[in-house]
Amino acid sequence: MSTPNLSVPRIAPLVLQSKKALQEGEQLCSKANELSTASAQASVDVLILDAKVRWVTDNVLEQLKLAACVAKSIEDKRTKLSKQVQDWDNLRTKQTKALDKVLDDLGSQRVPPDFHQTSAASSIFGSQDSEDEQEQASGLAAVSRSPSDTIKVPKPKPQTDRKNWKTLRDFVDDQAIEDIFEGMEEEHTIVEDILSRTDEYSEKLNAAIRSIREYLPENTPSPSIEQLITSQDSSQVSMATHLESLAAHYDQMGNALRESEAGDVFSQDDLQDMDRDTEELPSILSELEENLHSISATHKQFCQFRVTNQDHLKRLADVLEELDELGDIMSEMLQTQEAVESECENHFTEMQRHLLTVEHLQQRFVSYQTAFRKLILEIARRRVYKEAAESIVRGMMDQLTAMTEEERQVREHFNHEHGAHLPEDLCLCISNLPTKWEILPWAGEILETLPEIPADIVTEVYI
């Protein structure tokens, strides 16, 4: 063994280095312990804040889903009302075209002048004739009752230019029809104005929903608290191990110094081992610093998570205020939508009544046209009957006239040959002429007069 005087100076600096390394290690471990404790508290805060953020966010998303349902409901109801209006408008167009077609048909049907009524009260359509037509009709009404007059009654000069003839359309009250159309258009405009009050409701709600959804905190994955704590614990265990190594090394060096001072001499190999162990102290301290840095980084992560969640909660507070405002807006929109539906239903009833009126007019004018055609045929049939009856009357009159003339001649011949030889006071009636006959309508009735109908018009009706 070496002399004590050589070992002590060699070991004393190593002891000081070991002591300093142990102190530095204790400081690093103490700092790591403080950070670990703070990290543990921060992790609890992070868990609590993250739970609050997720709970509030989930509730906000649920409310936004309800708001989206409200927006869709409003849009669906508005679409339904718009479809009702469109269906009504399509039906109106269809019935209006049908009515216009009937009116065009009425406008193409010429009415012979003799058909014109002399009194507006006699027409279901309230038409009025001109003064000339009234005078003409008045003159025709003064016809004699004699059968022979049926072929001698002076007729008014016919209007050869049919362009001046009236048509069935002239007996229709166009102003009343126009008033109906104007009423329908007015109702349609009113309903469109009512529906326009909710035009932008769905779009505005969806825009507000998108705005709130975009303002929500980003849905980032939750930090793995357990993994961070485990990593931190691993670093602490590693630091504790290193600190124990430093303490053991310091104890060994202290014991060696004491033994050296007591006179023990260490071999050169022992001193080299001590030097080698002491040279490893900086690497141990470096590992302790790395572990401390890892723990510090974990602590910073927890602090950052906590700050982020706190910011998220502040943002969510603003979101909740906006959500409350959105709720008020939706309530107002729903009330308006209900009012719109109620008002539209009331107007739909009136609009449907207009459609029924148009449909009734169409059916009425079709019946009017059909009745006029039947009237043409009926007048034609009556003319056939009238001409047949007049032919019989004329035949009877001709036969009676011939018989009367023959009888008169026979009686003249008899009186000429034998009358002079008979006393004047004998059979006074022998000189009478035969009775003349006249066939008259029954019980003073006026002879029937029928309007003149051109043959081509009758032919058109048959087709």
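Just so it is clear, the model here is predicted, and its values are computed rather than measured.

> Explanation requested: the overall build of the protein in the structure shown.
When helices and strands are tallied, the protein shows 8 helices and 2 strands. When the helices and strands of the protein are listed from N to C terminus, the series reads α-β-α-β-α-α-α-α-α-α. Relative to its full complement of 463 residues, the protein shows a buried share of 32%. Pairs at least 24 residues apart make up 93% of the contacts formed inside the protein by residues separated by at least 6 positions.

> Just checking my understanding: could you explain the pattern of salt bridges for this structure?
If charged atoms from side chains of opposite charge come close, those side chains can pair. Counted by the stated rule, this structure contains 22 salt bridges. One salt bridge connects Arg382 with Glu378, and the closest N-O pair in it is separated by 2.8 Å. Of this pair, Arg382 and Glu378 both sit in helix 7 (residues 281-418), 4 residues apart, which is roughly one turn of that helix. Taking the relative accessible area as the measure of exposure, Arg382 reaches 35% and is therefore partly exposed. Among the ionic pairs, Arg411 bridges to Glu407, the shortest N-O distance being 2.7 Å. With Arg411 and Glu407 both in helix 7 and 4 residues apart, this pair spans about one turn of that helix.

> Just to check I follow, could you spell out the nonpolar core for this structure?
Leu106, Cys344, Phe365 and Ile376 are the most contacted members of the largest nonpolar core, which totals 37 residues. Among the secondary structure elements, those contributing two or more residues to this core are helix 1 (4-108), helix 3 (174-196), helix 7 and helix 8 (455-462). Ranked by residue count, the leading element in this core is helix 7, at 13 residues. Contacts of Ile376, omitting those with residues within four sequence positions, involve Phe115, Ile453, Ile457, Val458 and Val461. Counting 19 residues, the second largest nonpolar core, distinct from the first, contains Val53, Val60, Val70 and Ala71.

> I would appreciate a short explanation of unusual backbone geometry in the present structure.
Trans is the prevailing form of peptide bonds, just as negative phi is the prevailing case for residues other than glycine. At Cys427, a residue that is not glycine, the phi angle is positive and equals roughly 55°. Tracing the chain through its elements places Cys427 in the loop between helix 7 and helix 8. The partly exposed category is assigned to Cys427, whose relative accessible area is 43%.

> Looking at this structure, I do not really get a negative patch on the surface. What am I missing?
A grouping of Asp318, Glu321, Glu322, Asp324, Glu325, Asp328 and Glu332 is seen on the molecular surface, where their side chains present a negatively charged patch. Position of Asp328 relative to the elements: it lies in helix 7.

> Sorry if this is basic, but what is going on with the packing of helix 7 against helix 8 here?
When two helices pack together, their arrangement is given by the angle between the helix axes and by the axis-to-axis distance. Interaxial distance between helix 7 and helix 8 falls to 9 Å at its minimum, and their mutual angle equals 125°. Here helix 7 lies oblique to helix 8, going by the angle between them. In terms of crossing hand, the pair formed by helix 7 and helix 8 is left-handed. Residue-level inspection shows Arg373, Ile376, Leu377 and Ala380 of helix 7 in contact with helix 8, the latter providing Ile457, Val458, Val461 and Tyr462. In the contact of helix 7 with helix 8, the residues fall into 7 nonpolar, no polar and 1 charged.

> Help me out: how do you make sense of the confidence of the model for the protein in this one?
Interpretation of this model should avoid reading the predicted coordinates in detail wherever pLDDT is low. Per-chain confidence: the protein averages 81 in pLDDT, with 84% of residues scoring 70 or above. Looking across the protein, the model is least confident in helix 2 (residues 131-140), with a mean pLDDT of 42, and most confident in helix 3, with 92. Low pLDDT, under 50, characterises residues 118-157; the stretch is placed with 52 contacts to residues that sit more than four places away or in other chains.

Rules used throughout
Each chain carries its own residue numbering, running from 1 in the direction its sequence is written. Side-chain atom pairs in this predicted model are given and counted only at pLDDT of 80 or more, local residue features only at pLDDT of at least 70, and totals for whole chains, interfaces and linings cover all residues. No hydrogens and no water enter the side-chain calculation; it runs on all heavy atoms of the structure. Starting at the N terminus, helices and strands are each numbered in turn, a helix being any DSSP run of H or I of at least four residues and a strand any DSSP run of E of at least two. Burial status follows relative accessibility: with a 1.4 Å probe on protein chains alone, a residue under 20% of its type maximum counts as buried, one over 50% as exposed, and anything between as partly exposed. For this analysis, residues touch if any pair of their heavy atoms sits within 4.5 Å. Salt bridges are counted wherever a side-chain nitrogen of Lys or Arg sits within 4 Å of a carboxyl oxygen of Asp or Glu. Joining through side-chain atoms within 4.5 Å is the link that ties buried Ala, Val, Leu, Ile, Met, Phe, Trp, Tyr and Cys residues into a set, and such a set is a nonpolar core. Distance thresholds for patches are 9 Å for like charges and 5 Å for nonpolar side chains (Val, Leu, Ile, Met, Phe, Trp, Tyr), applied to residues having over 30% relative accessible area and no salt bridge. In short, Shrake-Rupley with a 1.4 Å probe defines the accessible areas, and a residue's cover is counted only from the protein chains shown. Lys and Arg are tallied as positive, Asp and Glu as negative. Neither His nor the chain termini are counted. Taken as the charge location is NZ of Lys, CZ of Arg, CG of Asp or CD of Glu. Axis lines are fitted through C-alpha atoms, for helices just across the contact stretch, and the angle between N-to-C directions can take any value from 0 to 180 degrees. Here the word oblique covers every angle except those under 35 degrees (roughly parallel), over 145 (roughly antiparallel) and from 65 to 115 (roughly perpendicular). Left-handed describes a crossing whose near helix is turned anticlockwise from the far helix through less than a right angle; right-handed describes the clockwise counterpart. Throughout, the ten residues Ala, Val, Leu, Ile, Met, Phe, Trp, Tyr, Cys and Pro are labelled nonpolar, Asp, Glu, Lys and Arg are labelled charged, and all others, Gly among them, are labelled polar. One number per residue, pLDDT, summarises how confident the predictor is, and it ranges from 0 to 100.

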